Amino acid sequence: MAEAAERPSGLPVPNSTHSFWHSEPNEFLFGHRTTPGLPAEADVVIVGSGITGTSAARFLVEDPRYNGRSVVMLEAREACWGATGRNGGE
């Protein structure tokens, strides 16, 4: 067990389990990008589009104190694909 904790987690595997939320993919969200490439810089970077990342992004863009600041969300796969997508059960 100690050996596994000392290794980096690595990138997502190519054959991960499918997200419950993508059992009926939303055409707008599937493969969605708001920019053609990654911006060179951002005021806030959120890693992951699960419940926590999406909530953080929403509250940041709705908070008047962050008006005009850039928020970038990075996701290795599709929106809600990882643990959040599997928590819904089938």
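Now for a look at the structure at hand. (Residues numbered from 1 in each chain as written. Predicted model: local features only at pLDDT ≥ 70, side-chain atom pairs only at ≥ 80, totals over all residues. Heavy atoms only, no water.)

### Considerations on the packing of aromatic side chains
Stage number 1. Counting across every chain of the model gives zero aromatic pairs.
Stage number 2. One cation-aromatic arrangement involves Arg58 over Phe59; the distance from NZ or CZ to the ring centre is 5.7 Å.
Stage number 3. We note Arg69 situated over the ring of Tyr66; from NZ or CZ to the ring centre the distance is 5.1 Å. (Phe/Tyr/Trp six-rings, centres within 6.5 Å; stacked < 30°, edge-to-face > 60°. Lys NZ or Arg CZ within 6 Å of the ring centre and 35° of its normal.)

### Focus on the pairing of strand β2 (residues 71–74)
Stage number 1. Pairing of strand β1 (residues 44–47) with β2 involves four bridges; the strand directions are parallel. Its bridge partner lying in β2, Val47 is registered against Leu74.
Stage number 2. Handedness of the crossover is the feature at issue here: the chain leaves β1, passes through helix α2 (residues 51–62), returns alongside β2, and the resulting connection is right-handed. (Pairing = 2+ DSSP bridges. Helix = DSSP H or I, 4+ residues; strand = E, 2+ residues; numbered from the N terminus. Right-handed = clockwise from strand over helix to strand, strands pointing away.)

### Observations concerning α2
Stage number 1. With twelve residues, α2 extends 16 Å from end C-alpha to end C-alpha; this agrees with the ideal 16 Å at 1.5 Å per step.
Stage number 2. Among all positions in α2, only Gly53, Ala57 and Leu60 are buried. The buried side chains of α2 occupy one side of the element, clustering within an arc of 70° when seen end-on. Opposite the buried face of α2, by more than 90 degrees, sit the exposed residues Ile51, Thr52 and Phe59.
Stage number 3. Where α2 is buried, its residues meet β1 and β2. (Expected span 1.5 Å × (residues − 1). Buried < 20%, exposed > 50% of the residue type's maximum accessible area, 1.4 Å probe, protein only. Arc of directions from axis to C-beta. Contact = heavy atoms within 4.5 Å.)

### Focus on the side chain of Ser49
Stage number 1. Tracing the backbone through its elements, the reader meets Ser49 in the loop between β1 and α2.
Stage number 2. Once residues within four sequence positions are removed from consideration, Ser49 is found in contact with Thr54, Met73, Leu74, Glu75, Glu78, Ala79 and Cys80.

### Comments concerning the side chain of Asp63
Stage number 1. Note that Asp63 resides in the loop between α2 and β2.
Stage number 2. Owing to a relative accessible area of 16%, Asp63 belongs among the buried residues under this scheme.
Stage number 3. Within the structure, Asp63 has its side chain in polar contact with the side chain of Arg65 (distance 2.6 Å). (Polar contact = N/O pair within 3.5 Å; in protein donor to acceptor, adjacent residues only side chain to side chain.)

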